[in-house]
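Structure assessment
Given next are the chains, with one letter for each unit.
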Amino acid sequence: GAVVSQHPSWVICKSGTSVKIECRSLDFQATTMFWYRQFPKQSLMLMATSNEGSKATYEQGVEKDKFLINHASLTLSTLTVTSAHPEDSSFYICSANRDRYQPQHFGDGTRLSIL
Amino acid sequence: AQKVTQAQTEISVVEKEDVTLDCVYETRDTTYYLFWYKQPPSGELVFLIRRNSFDEQNEISGRYSWNFQKSTSSFNFTITASQVVDSAVYFCALSEEGANNLFFGTGTRLTVIP
């Protein structure tokens, strides 16, 4: 069964809305979680690394004020897309692993459509 | 800098044919991990295999097999007797020592025709 749960799986909202996506590790504690973005028919690009109890580490070119990440507990990380615009429409997917020596397991992803 | 190349953008095969998906990587690290993930149309990523850089043994799991060759920096994936359910996008990925994140290739879209 799934070890990483992501919610919601699908969001449609108006431009200017903020959208929160949750990523939960179901049967293990994850001090680190990862957020990826995937445009249609393209690869996954790492957006940021979410660190429990500290600030997220963002990849170059990712606006941290636009994509707010909170890793408040060892089983939950959230990504908030603030003031979303149509160009933010994408597939967002999170992952987590038990420790750095274990493979990452991915959530089912969230399809975000901004009208 | 690390890089993962999947030169085959799309492949179509007829059911029961064998198919090999290519993956070539670049890294300066001597310790690294290579992965294959499957992404079916529903979107979720399914972990298939992880291989560390010190283990060049080929691996077989059912109809799946992987050929890791450090000499050519390749980690190819073969599906034997393909089935329609194998239709998906397959991603090869690299993780370097000291880093926990994954660098993905651009993926290969496999279509198995009944």
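This write-up is about the structure you can find in this document. (Residues numbered from 1 in each chain as written. Chains lettered and ligands numbered in written order. Predicted model: local features only at pLDDT ≥ 70, side-chain atom pairs only at ≥ 80, totals over all residues. Heavy atoms only, no water.)

1. Let's talk about the interface of chain A and chain B
With 21 residues of chain A at the interface, the matching set in chain B holds 21 residues. Between chain A and chain B, roughly 1600 Å² of surface is buried when both sides are summed, and carbon and sulfur atoms account for 51% of that area. The tally of links from chain A across to chain B stands at zero salt bridges. For the pair chain A and chain B, the number of links is four residue pairs in polar contact (both at pLDDT 80 or more). Those elements that provide at least two residues to the side of chain A that touches chain B are β4 (32-38), β5 (44-51) and β9 (90-96) of chain A. Element by element, the count of residues in the side of chain A that touches chain B is highest for β4(A), at four residues. Residues that form the side of chain A that touches chain B fall into these classes: nine nonpolar, eight polar and four charged. (Contact = heavy atoms within 4.5 Å. Buried area = accessible area lost by both parts, 1.4 Å probe. Salt bridge = Lys/Arg side-chain N within 4 Å of Asp/Glu carboxyl O. Polar contact = N/O pair within 3.5 Å; in protein donor to acceptor, adjacent residues only side chain to side chain. Helix = DSSP H or I, 4+ residues; strand = E, 2+ residues; numbered from the N terminus. Nonpolar A, V, L, I, M, F, W, Y, C, P; charged D, E, K, R; others polar.)

2. Notes on the pattern of salt bridges
Taken as a whole, this structure holds six salt bridges over all chains when the rule is applied. With a shortest N-O distance of 3.4 Å, A:Asp27 and A:Arg98 are connected by a salt bridge. Of this pair, A:Asp27 sits in the loop between β3 (19-25) and β4 while A:Arg98 sits in the loop between β9 and β10 (105-106), placing them 71 residues apart in sequence. A:Arg98 gets classed as partly exposed once you look at its relative accessible area, which sits at 42%. A network of salt bridges, in which partner residues are shared, links B:Arg51, B:Asp55 and B:Glu59. (Buried < 20%, exposed > 50% of the residue type's maximum accessible area, 1.4 Å probe, protein only.)

3. Details of the side chain of B:Gln8
Residues and elements named next belong to chain B. Mapping Gln8 onto the fold places it in the loop between β1 (3-5) and β2 (10-14). A polar atom in the side chain of Gln8 sits 3.2 Å from the backbone oxygen of Thr20. When near neighbours in sequence (up to four residues on either side) are disregarded, Gln8 contacts Thr20, Leu21, Asp22, Gly107 and Thr108.

4. Regarding the environment of A:Ser15
Residues and elements named next belong to chain A. Here Ser15 shows up in the loop between β2 (10-13) and β3. Given the relative accessible area of 37%, Ser15 is considered partly exposed. Considered as a pair, Ser15 and Ile114 are 99 residues apart in the sequence and their alpha carbons are 5.7 Å apart. Not counting residues up to four positions away in its chain, the partners in contact with Ser15 are Ala84, His85, Pro86, Ile114 and Leu115.

5. Comments concerning the sheet that holds β3(A)
Residues and elements named next belong to chain A. With respect to topology, four strands assemble into an open sheet ordered β1-β3-β8-β7, the strand pairing being antiparallel. Taken across any chain shown, the strands that pair with only one partner, and hence form the sheet edges, are β1 (4-7) and β7 (67-73). Taking each pair of neighbouring strands and ignoring which way they run, the sheet shows an average axis angle of 15°. The pairing of β1 with β3 spans four bridges and is classified as antiparallel. When the bridges of β3 are listed, Gln6 appears paired with Cys23. (Pairing = 2+ DSSP bridges. Axes fitted to C-alpha atoms, helices over the stretch in contact; angles between N-to-C directions.)

6. Quick look at the pairing of strand β12 (residues 108-113) of chain B
Residues and elements named next belong to chain B. Burial of β12 is one-sided: the residues Thr108, Leu110 and Val112 facing one way are buried, the residues Arg109, Thr111 and Ile113 facing the other way are not. In terms of strand pairing, β2 meets β12 through five bridges, oriented parallel. Counted as the bridge partner of Val14 is Ile113 from β12. Sheet topology note: the strand β10 (residues 88-96)/β12 ladder contains three bridges and is antiparallel. Within the sheet, the bridge partner assigned to Ala88 lies in β12 and is Leu110.

7. Let's talk about the packing of aromatic side chains
In the structure shown here, the tally under the stated rule is 17 aromatic pairs over all chains. Note on A:Tyr36 and B:Phe104: the rings are 5.5 Å apart at their centroids and 90° apart in plane angle, and the pair reads as edge-to-face. Residue A:Tyr36 is located in strand β4, and its partner B:Phe104 is located in strand β11 (residues 103-104); the two belong to separate chains. Each member of the pair, A:Tyr36 as well as B:Phe104, is classed as buried. Ring centres of A:Phe106 and B:Tyr37 lie 5.0 Å apart, and the angle between their planes is 85°; on these two criteria the pair is classed as edge-to-face. With A:Phe106 in strand β10 and B:Tyr37 in strand β5 (residues 32-39), this residue pair bridges two chains. Taking the relative accessible area as the measure of exposure, B:Tyr37 reaches 0% and is therefore buried. A network of ring pairs unites the aromatic residues A:Tyr36, A:Phe106, B:Phe35, B:Tyr37, B:Phe47, B:Phe91 and B:Phe104 as a single cluster. (Phe/Tyr/Trp six-rings, centres within 6.5 Å; stacked < 30°, edge-to-face > 60°.)

The analysis is restricted to geometry; functional conclusions fall outside its scope.
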